[in-house]
Amino acid sequence: MPPNRDFRSPTGRLNAEDSSVAEGKSAIEEDIESLFRKEAPRLARYFRARLRDGDDPGDFVQESFVRLVGSLAQRAMPTPGAYLQRIARNLLYDRGKRAEVRLASFHVPIGEGCEPAVSPDQHHGIEAEDVMRAYRRALAELPDRTREVFLLHRVEELAYREIGEKLGISIPTVQYHVARALAHIDAALERE
């Protein structure tokens, strides 16, 4: 990666029109791939040292890069490596907080007159339908190749290597498409 490249276009935003295209990839895509090759192994070691046996460090590495790509799409970032480390720490913190919240739902006070509240099922069903509608719409908005790679990974549950072999693309390219799809879907669900 060039030393002074700061992951931004002349407009200060990630924009395919503003970035130069070399060999079919934009400069931003090349920078992200380069950053991934450099930082992913270090992040995997970081997560492996801090996660329980049942958790996959690869999932956390991927989520870190998804969040980084989403942030790069919104603003320029002169030191994406440092920002990536911050994202990794926040992911672990959020994971711990979610566990607390999840366990809090099992707490039932003991005493007379204490009946556990049960939320209405209809409300959850309607919310789930809204989320699925937004998800399908976001999926339809993706470029064909990105959607194809994402569906192969998430629906057919193929490994990155299998997808790469099937489509004739490299594993970092598969990872890029999955991260791009996740960032787009996440942004679409945030808007809902």
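Attention here is on the structure that accompanies the text. Predicted model, so just to flag it, every value in this text is computed and none were measured. (Residues numbered from 1 in each chain as written. Predicted model: local features only at pLDDT ≥ 70, side-chain atom pairs only at ≥ 80, totals over all residues. Heavy atoms only, no water.)

## Some words on helix 2 (residues 57-74)
Helix length check: helix 2 (18 residues) gives 26 Å between terminal C-alpha atoms against 26 Å at 1.5 Å per residue, within 8%. If you check which residues of helix 2 are buried, you get Pro57, Phe60, Val61, Gln62, Ser64, Phe65, Val66, Leu68, Val69, Ser71 and Leu72. By the N-cap criterion, in which a side-chain oxygen at the helix start approaches the backbone nitrogen of a residue two or three places on, helix 2 is capped by aspartate 56, the distance to glycine 58 being 3.1 Å. (Helix = DSSP H or I, 4+ residues; strand = E, 2+ residues; numbered from the N terminus. Expected span 1.5 Å × (residues − 1). Buried < 20%, exposed > 50% of the residue type's maximum accessible area, 1.4 Å probe, protein only. Polar contact = N/O pair within 3.5 Å; in protein donor to acceptor, adjacent residues only side chain to side chain.)

## Overview of unusual backbone geometry
Not every positive phi belongs to a glycine, and glutamate 157 is a case in point at roughly 55°. Here glutamate 157 is to be found in the loop between helix 5 (144-154) and helix 6 (160-167).

## Section: the packing of helix 1 (residues 27-50) against helix 2
Where helix 1 meets helix 2, the axes come as close as 9 Å, and the angle between the chain directions of the two elements is 135°. As judged from the angle between their axes, helix 1 and helix 2 are oblique. At the point where helix 1 passes helix 2, the crossing takes the right-handed sense. Together, Ile32, Leu35, Phe36, Glu39, Ala40, Leu43, Ala44, Phe47 and Arg48 of helix 1 and Pro57, Phe60, Val61, Ser64, Phe65, Leu68, Val69 and Leu72 of helix 2 make up the contact between the two elements. Of the residues contributing to the contact of helix 1 with helix 2, the split by class is 14 nonpolar, 1 polar and 2 charged. (Axes fitted to C-alpha atoms, helices over the stretch in contact; angles between N-to-C directions. Parallel < 35°, antiparallel > 145°, perpendicular 65-115°, else oblique. Left-handed = near helix turned anticlockwise from the far one by under 90°. Contact = heavy atoms within 4.5 Å. Nonpolar A, V, L, I, M, F, W, Y, C, P; charged D, E, K, R; others polar.)

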